[in-house]
Amino acid sequence: ASEIDCDQADNVNEEHIHLCCKHPEDQNEIVDSCAKETGFKMPSAQDHNMLDITADRAISASCFSECILNKMHFLKDSNLDMAAIKAHYDKNYKHDTQYATEMINAFDHCHGTSELWESNFLMNHMPHSCNTNASVILGCVVKQFFHNCPSSRWAQTQECHDALEFSKSCPDAFASL
């Protein structure tokens, strides 16, 4: 295997990353509604899933992220409600347990101390009008799910393999993940 140069992302197209791990289409209405309510522009007309955006776009869109998590009833007093998240994925994806498990794991991973520190940093150093914690969590979930995408949902292409390897090797260099 060749060494990955974290300063060279030429073989990684951030706009195609969401094509690597397929997601259910069932959250389109919530995402479309939140995009309209907050003025958030999705990367392209075909992208309607919260996991079709890059992590850095989720972080920069705190109102959009907060809207999604609120409409999905995943926030309670501005914090993640893991019981609600687990209930949602267990109920709605009981025939796709691999997807449910990875999403629950991603949310569980993303409501830790380091995300709270990042959220507090953003809140203190960036102009904001919405819950920055929601955007940090959603950005983290995008990254975690990408790194742990169930094999049945993964596109077996060289571009996706390169993006995953680059992301895992260079976590600070890859803006999206």
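Reference entry: report on the structure contained in this document. Please read all numbers here as calculations on a predicted model, not as lab measurements. (Residues numbered from 1 in each chain as written. Predicted model: local features only at pLDDT ≥ 70, side-chain atom pairs only at ≥ 80, totals over all residues. Heavy atoms only, no water.)

1. Quick word on the state of the cysteines
Put simply, the test is: A pair of sulfur atoms, both from cysteines and within 2.5 Å, is called a disulfide here. Helix and strand assignments follow DSSP, with helices taken as H or I runs no shorter than four residues and strands as E runs no shorter than two, numbered in order from the N terminus. Each residue's exposure class comes from its accessible area (1.4 Å probe, protein chains only) as a fraction of the maximum for that residue type: buried when under 20%, exposed when over 50%, partly exposed otherwise.
The tally for this structure, following the rule as stated, stands at four disulfides. Cysteine 20 shares a disulfide with cysteine 160; S-S distance 2.1 Å. Between cysteine 20 and cysteine 160 the sulfur-sulfur dihedral comes to about -90°; the bridge is accordingly left-handed. Residue cysteine 20 is located in the segment before α1 (28-38), and its partner cysteine 160 is located in helix α8 (residues 158-169); the two are separated by 140 residues in the primary sequence. One exposure class covers both cysteine 20 and cysteine 160, and it is buried. Here cysteine 110 connects covalently by a disulfide to cysteine 140, the sulfurs 2.1 Å from one another. Between cysteine 110 and cysteine 140, the S-S torsion sits near -80°, and that sign places the bridge as left-handed. One end of the pair, cysteine 110, is in the loop between α5 (97-109) and α6 (113-125); the other, cysteine 140, is in helix α7 (residues 132-147), with 30 residues separating them in the sequence. Just as cysteine 110 is buried, cysteine 140 falls in that class too.

2. Remarks on the packing of α5 against α7
For any two helices packed against each other, the geometry is given by the interaxial angle and the distance between the axes. So the rule is basically this: What counts as an axis is a line fitted to C-alpha atoms, over the stretch in contact for a helix, and the angles between N-to-C directions run from 0 to 180 degrees. Orientation categories follow fixed angle ranges, with anything under 35 degrees roughly parallel, anything over 145 roughly antiparallel, 65 to 115 roughly perpendicular, and all other angles oblique. We call a crossing left-handed when the near helix sits turned anticlockwise from the far one by less than a right angle, and right-handed when that turn is clockwise. Any two residues whose heavy atoms approach within 4.5 Å are treated as being in contact.
Interaxial distance between α5 and α7 falls to 8 Å at its minimum, and their mutual angle equals 135°. In terms of orientation, α5 and α7 fall into the oblique class. With respect to the hand of their crossing, α5 and α7 are arranged in right-handed fashion. Taken together, the residues of α7 that come into contact with α5 (itself represented by Tyr99, Glu102, Met103, Ala106, Phe107 and His109) are Ile137, Cys140, Val141, Gln144 and Phe145.

3. Digging into the packing of helix α3 (residues 62-71) against α7
Spelled out, the test is: In this count, Pro and Cys sit with the nonpolar residues alongside Ala, Val, Leu, Ile, Met, Phe, Trp and Tyr, while Asp, Glu, Lys and Arg are called charged and the others, Gly among them, polar.
At a closest axis distance of 7 Å, the pairing of α3 and α7 adopts a crossing angle of 80°. In terms of axis orientation, α3 runs roughly perpendicular to α7. Here α3 contributes Ser62, Ser65, Glu66, Ile68 and Leu69 to the contact with α7, which in turn contributes Thr132, Ala134, Ser135 and Leu138. Looking at side-chain class alone, the contact of α3 with α7 contains four nonpolar, four polar and one charged residues.

4. Considering α1
Selection rule: Throughout, the arc means the angular range of directions from the helix axis out to the C-beta atoms.
Listed in full, the buried residues belonging to α1 are Asn28, Val31, Cys34 and Ala35. Buried positions in α1, seen along its axis, are confined to an arc of 140° and lie on one side of it. Among the exposed residues of α1, those pointing more than 90 degrees away from its buried face are Glu29, Lys36 and Glu37. Tucked into the core, α1 has its buried residues touching α3. One or two steps after α1, the chain reaches glycine 39, where phi turns positive at roughly 75°.

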